[in-house]
Amino acid sequence: MSTVKHISSSFLSFKRLFVGSLAASLIVTAAPLASAEDHHDHHEHSDLEHHDHDDHHDHNHNPNQTVVAQGYADKSRPRMTVIPEHIRNKTDIAVSNYPLFLLSEAVTKGAPSGKLLLQPGDVGHHGSLSPSDMKTVKDSRYVVWFGSQLESNLVNSVGESPNNISLFRFKAFNHLPLRDVKGQPIKGSLDPHIWLDPDNAKAITRALGSLYSRANPQYKAVYAANVKQFAKQMDNAVAQVQKNSQKTRPYWAYHDAFGYIESALNLQLAGALTHDHHLPPKASQFHWLNKNRPQPTMCIVLQSDSNKGAIAKLKPANSTVQQEDMSNAKDFISGWMAVANDINNCVK
């Protein structure tokens, strides 16, 4: 039977401190881009690099640090050190997919929006860029995406663009490894769904706020206020969902996609049906899940209605259908809360 691990309050406090420094790390990413735009920020970026270095020093010595996936390769082009002249005065920022666009919208409320490249639902190797999208990539000041581990379909377009900023390049993120169908970490892997972690979501908005402020300095105060408001709303959302989940609870997933939301909901993955949602589950995995069921009635998080046929082989079981990209949401906070509340209601 799977062992359910409880998360200590000291770990959660450390996690908040650890990811709280992430924005500085991401802001430093824009420094090579910015160096060609203005040189008077040199000392500011140096201070940020020093701050980030100190944070890494502290984190590497903290015994409660989460498992950080190592060895995964990002295939995007290295960030440019000289910004091309034709985009030097551009104010547009493009973002790759819908979760990132929702976070971008939280930052730009009351100011011009960023430009979305992929349509809702086109997350995880799906979707392609049109000729007009390619022009957007070429003409944008910055193009922000997660990276090749999630968006391999963008490697030869966004990944080759000199103005791309891949979020997966930053080790300061709260990174988690993917897990196998028995819930065990896979060495050298990266779970790419980082936006589901509330602290990561807040850090991404801070980084986006910095990039937007550089591209559109007249809205700097607007971005700062929006980032602050988003952090407050995200913290309130986490507090609300935690009221219904005071103890660590096991659950199943069709495939491992919700690891980053587990801490907020006090969940522990007890197994999955398949390691890839494109592949059907094996009979042996149904047998293993039933044999190693942590409690009589389990919840399984599915990703489409077509997965519901699996429930009959796992009874007694509750189920909920969730899209990790929140493609039906109008804003990030309500989308995240909908996923969290539905999973909470499924996991009794």
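These numbers come from a predicted model, not from an experiment. Sequence positions are assigned chain by chain, starting from 1 and proceeding in written order. With pLDDT at 70 or above as the cut-off, local features in this predicted model cover only qualifying residues; side-chain atom pairs require 80 or more to be listed or tallied, and sums for whole chains, interfaces and linings still use all residues. Remark: hydrogens and water are excluded; side-chain values derive from all non-hydrogen atoms of the structure.

1. Structural notes on the environment of aspartate 331
At step 1: If you trace the backbone, aspartate 331 turns up in the loop between strand S8 (317-321) and helix H11 (332-346).
At step 2: Relative accessible area serves as the criterion here: at 35%, aspartate 331 is assigned to the partly exposed category.
At step 3: When the C-alpha atoms of aspartate 331 and serine 104 are compared, they prove to be 9.9 Å apart, with 227 residues separating the residues in sequence.
At step 4: Polar contacts involving the side chain of aspartate 331 include one to the main-chain amide nitrogen of serine 334, which spans 2.9 Å. Here a strand is any run of E in DSSP of at least two residues, a helix any run of H or I of at least four, and the numbering for each starts at the N terminus. Buried, partly exposed and exposed residues are distinguished by accessible area as a fraction of the type maximum, computed with a 1.4 Å probe on protein chains only: under 20%, between the cut-offs, and over 50%, respectively. Counted as a polar contact is a pair of N or O atoms within 3.5 Å, where, for protein atoms, one must be capable of donating a hydrogen and the other of accepting one, and residues adjacent in sequence contribute only when both atoms are in side chains.

2. Here we look at the sheet that holds strand S3 (residues 142-145)
Backbone hydrogen bonds hold the strands of a sheet together, and the pairing may be parallel or antiparallel.
At step 1: Strands pair, by our definition, only if DSSP identifies at least two bridges between them. Taken in spatial order, the four strands make up an open sheet running S2-S1-S3-S4, and their pairing is parallel. Either end of the sheet is taken by a strand with one partner, and the two such strands are strand S2 (115-116) and strand S4 (164-166).
At step 2: The pairing of strand S1 (residues 93-95) with S2 spans two bridges and is parallel. By the bridge assignment, alanine 94 is partnered in S2 with lysine 115.

3. Remarks on the packing of aromatic side chains
At step 1: Classification of ring pairs rests on two measures: the distance between centres of Phe, Tyr or Trp rings, Trp counted by its six-membered ring, which must be within 6.5 Å, and the angle between planes, read as stacked under 30 degrees, edge-to-face over 60 and tilted in between. For the coordinates displayed, the defined rule picks out six aromatic pairs.
At step 2: When the centroid spacing of 5.9 Å and the interplanar angle of 35° are considered together, the rings of phenylalanine 146 and phenylalanine 168 count as tilted. With a gap of 22 residues between them, phenylalanine 146 in the loop between S3 and S4 and phenylalanine 168 in the loop between S4 and helix H7 (198-215) connect regions that are remote in the sequence. Each member of the pair, phenylalanine 146 as well as phenylalanine 168, carries the same accessibility label: buried.
At step 3: Cluster of aromatic residues (ring-pair linked, three or more members): Phe146, Phe168 and Trp195.
At step 4: Here the guanidinium or amino end of lysine 313 rests over the ring plane of phenylalanine 286, the centre of that ring lying 4.9 Å away. For a ring to carry a charge above it, either NZ of a lysine or CZ of an arginine must fall within 6 Å of the ring centroid while also lying within 35 degrees of the normal to the ring plane.

4. A short note on unusual backbone geometry
At step 1: At the junction of lysine 315 and proline 316, the peptide bond is cis and its omega measures out at -5° in the coordinates.
At step 2: Its place among the elements puts proline 316 in the loop between strand S7 (298-302) and S8.
At step 3: With a phi angle near 55°, asparagine 266 is a residue other than glycine that sits in the positive phi range.
At step 4: Following the sequence through the fold, asparagine 266 ends up in the loop between helix H9 (262-265) and strand S6 (267-272).
At step 5: For methionine 326, which is not a glycine, the phi torsion comes out positive at approximately 55°.
At step 6: Summarising the element assignment, methionine 326 is placed in the loop between S8 and H11.
At step 7: The buried category is assigned to methionine 326, whose relative accessible area is 3%.

5. A short note on the pairing of S7
At step 1: Counting buried residues along S7, five of its five residues qualify, which places the element largely inside the surrounding structure.
At step 2: Going residue by residue along S7, you find Met298, Ile300 and Leu302 tucked away on one face and Cys299 and Val301 tucked away on the opposite face as well.
At step 3: Bridge count between strand S5 (residues 249-253) and S7: two bridges; the pairing is parallel. Along S7, the bridge assignment pairs tryptophan 252 with isoleucine 300.
At step 4: Here S7 runs beside S8; their pairing, made up of five bridges, is parallel. Bridge pairing in S8 links isoleucine 300 to serine 319.

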